[in-house]
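The chain contents come next:
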Amino acid sequence: MTQSLLDSYHRHIDYLRISVTDRCNLRCIYCNASTMQHLSHDDILRYEEITRVVKAAARLGVKDIRLTGGEPTVRPHVADLVRMIAAVPGIEDISMTTNATRLAEMAQELKDAGVSRVNISLDTFKPERFKAMCGAGRIEDVLEGIEAARKAGLNPVKINTVVLRGVNDDEVVDFARKSVTDGWNVRYIEEMPLVGNDNGHKMVSIEEIKSRIEHELGGLEPCWPTNGHGPAKYFRLPGSPGTIGFIGPVTGCFCETCNRFRLTADGKLRPCLLREDEVDLKPALRSGASEEALEELLMKTAAMKHERHQLAEHISPQGRNMRQIGG
Ligand code: SAM
């Protein structure tokens, strides 16, 4: 590696999150924008094109890849992409963020292809509420998917829960209990004010969630899972096999240690989830640009990375929602 992705604030970018599709089989109330158009087949990057970006990123020091979306498991033959990425020299870890509705059938194939671990989104245990919050799908499939992921050895399985006031906040403690009874690694996420948020912003702060858990179940002990290099702060209930994590992008700011880029399904490289800046890689990918030219574009993106997002100033990106950027 001759050069690396170092931004103007001395942060090394070694983690790339790739949205493999903007399509999703659910319509979560905090994520979907009913008015948003889907990308056309020609707009989205082909697996060969994504792999070229990964190769360039790996040459510049990126080691970890996360596949997300949209819903990554709805893109046909996504395990092929996993295999292509796993073969790239320098890539050490491939993970996936998924709603798990298709994991019962796909977990083993994904594991065999090279996915090491999964983050699964689940906001409720109640079937009717699941339908109301997710707009489609069956909670039974998600619960089966979680078990299939565990059986396949995707480790750890983390459960991501977005807590909305008056919608699912009465289940905060039920999720925490799962860390004791089933060894779940549960992570609570503050709802971000992104475009497509059709629910009128019902964010519950991490501080409030934590204090509700401690009030019901007792004090949480800090812990540091070995692979926890992301924004979550981890705890556990004493003696519990599972962990409880908190991700507070709204009331907190973890930009100082941000090590990531995001690639949208249509080839836009974004240095920050919560800002509009992006560099379009698709013209270069489709016009036979050299490896060096691609690396230049990645370094240009690093140079654009701001010190921090602007949620504290109530400025959030309005151009794309999570489904499009890749959550
Ligand atoms: N379909 C996959 C899934 O459901 O996990 C991957 C994409 S989804 C956009 C990734 C994550 O973003 C999910 O955990 C979801 O809960 C989270 N998310 C989406 N919109 C959000 C918002 N406005 N605030 C906080 N988290 C959000």
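Details of the structure are given in the entry above.
Residues numbered from 1 in each chain as written. Predicted model: local features only at pLDDT ≥ 70, side-chain atom pairs only at ≥ 80, totals over all residues. Heavy atoms only, no water.

(A) Main features of the site of the ligand. Neighbouring the ligand are 18 residues; Tyr30, Gly70, Glu71, Ser121 and Met192 lie closest to it. Contacts to the ligand include tyrosine 30, whose backbone N or O atom sits 3.1 Å from a nitrogen atom. Interatomic distance of 3.4 Å between a backbone N/O atom of threonine 98 and an oxygen atom of the ligand. In isolation the ligand exposes 550 Å². Once the protein is present, 95% of that is buried. (Near = heavy atom within 4 Å. Polar contact = N/O pair within 3.5 Å; in protein donor to acceptor, adjacent residues only side chain to side chain. Areas by Shrake-Rupley, 256 points an atom, 1.4 Å probe, with all protein chains shown as cover.)

(B) Quick peek at the packing of aromatic side chains. If you walk through the whole model with that rule in mind, you get four aromatic pairs. Centroid distance phenylalanine 125 to tryptophan 184: 5.8 Å. Interplanar angle 40°. Geometry classified as tilted. Of this pair, phenylalanine 125 sits in the loop between β4 (117-121) and α4 (127-134) while tryptophan 184 sits in the loop between α6 (172-181) and β6 (185-189), and the two are 59 residues apart along the sequence. Assessed through its relative accessible area of 23%, phenylalanine 125 is described here as partly exposed. Among the aromatic residues, those joined into a cluster by ring pairs are Phe125, Phe175 and Trp184. Positioned over the ring face of tryptophan 184 is lysine 178, at 4.8 Å from the centre of the ring. A cation over an aromatic ring shows up here: lysine 210 above the ring of phenylalanine 235, its NZ or CZ 4.7 Å from the ring centre. (Phe/Tyr/Trp six-rings, centres within 6.5 Å; stacked < 30°, edge-to-face > 60°. Helix = DSSP H or I, 4+ residues; strand = E, 2+ residues; numbered from the N terminus. Buried < 20%, exposed > 50% of the residue type's maximum accessible area, 1.4 Å probe, protein only. Lys NZ or Arg CZ within 6 Å of the ring centre and 35° of its normal.)

(C) Region of interest: the packing of helix α1 (residues 47-59) against helix α9 (residues 291-304). Relative orientation of the contacting elements α1 and α9 amounts to 70°, with a least axis distance of 9 Å. Judged on the interaxial angle alone, α9 and α1 are roughly perpendicular. Counting all contacts with α1, which are made through Arg52, Val53, Ala56, Ala57 and Arg59, the residues of α9 involved are Glu291, Leu294, Glu295 and Leu298. Residues belonging to the contact of α1 with α9 are distributed by class as follows: five nonpolar, no polar and four charged. (Axes fitted to C-alpha atoms, helices over the stretch in contact; angles between N-to-C directions. Parallel < 35°, antiparallel > 145°, perpendicular 65-115°, else oblique. Contact = heavy atoms within 4.5 Å. Nonpolar A, V, L, I, M, F, W, Y, C, P; charged D, E, K, R; others polar.)

(D) Expanded view of α9. Over its 14 residues, α9 runs 20 Å from end to end, which matches the ideal 20 Å to within 8%, given 1.5 Å per residue. Here α9 has its buried residues at Leu294, Glu295, Leu297, Leu298, Met299, Thr301 and Ala302. Summarising the contacts, the buried residues of α9 are in contact with α1, β10 (260-263), β11 (268-270), β12 (279-280) and α8 (282-286). (Expected span 1.5 Å × (residues − 1).)

(E) Representation of helix α7 (residues 206-217) in the model. Here α7 is 12 residues long and its end C-alpha atoms lie 16 Å apart, about the 16 Å a rise of 1.5 Å per residue gives. When α7 is considered as a whole, its buried residues turn out to be Ile206, Ile209 and Ile213. Mapping the buried residues of α7 onto a view down its axis gives an arc of 65°, with all of them on the same face. For α7, exposure combined with an orientation more than 90 degrees from the buried face picks out Glu207 and His215. Positive backbone phi, at 95°, marks glycine 218, one or two positions downstream of α7. (Arc of directions from axis to C-beta.)

(F) Quick look at the side chain of arginine 260. Relative to the helices and strands, arginine 260 resides in strand β10. For the buried arginine 260, no salt bridge exists, and the shortest N-O distance to an oppositely charged side chain is 7.8 Å, to aspartate 14. (Lys, Arg positive; Asp, Glu negative; His and termini not counted. Salt bridge = Lys/Arg side-chain N within 4 Å of Asp/Glu carboxyl O.)

(G) Just the nonpolar core, in detail. Within the largest apolar cluster, 89 residues are counted, with the highest numbers of intra-cluster contacts made by Leu16, Ile18, Ile120 and Tyr188. For this core, the leading source of residues is α1, giving seven residues. Residues within four places of leucine 16 in sequence aside, it is in contact with Val53, Val54, Ala57, Val62, Asp64, Ile65, Arg66, Phe261, Arg262, Leu263 and Leu269. (Core = buried A, V, L, I, M, F, W, Y, C linked by side-chain atoms within 4.5 Å.)

(H) Fine view of the pattern of salt bridges. One pass over the full model with this rule turns up 26 salt bridges. For the salt bridge of arginine 59 with glutamate 291, the shortest nitrogen-to-oxygen distance reads 2.9 Å. A residue pair is termed long-range when its members are at least 10 positions apart, and arginine 59 in helix α1 and glutamate 291 in helix α9 qualify at 232 residues. Put simply, lysine 268 and aspartate 266 hold a salt bridge, and the shortest N to O gap is 3.3 Å. Since its relative accessible area comes to 7%, aspartate 266 is described here as buried. What emerges from the salt-bridge pattern is a single network uniting Arg52, Arg59, Glu291 and Glu295.

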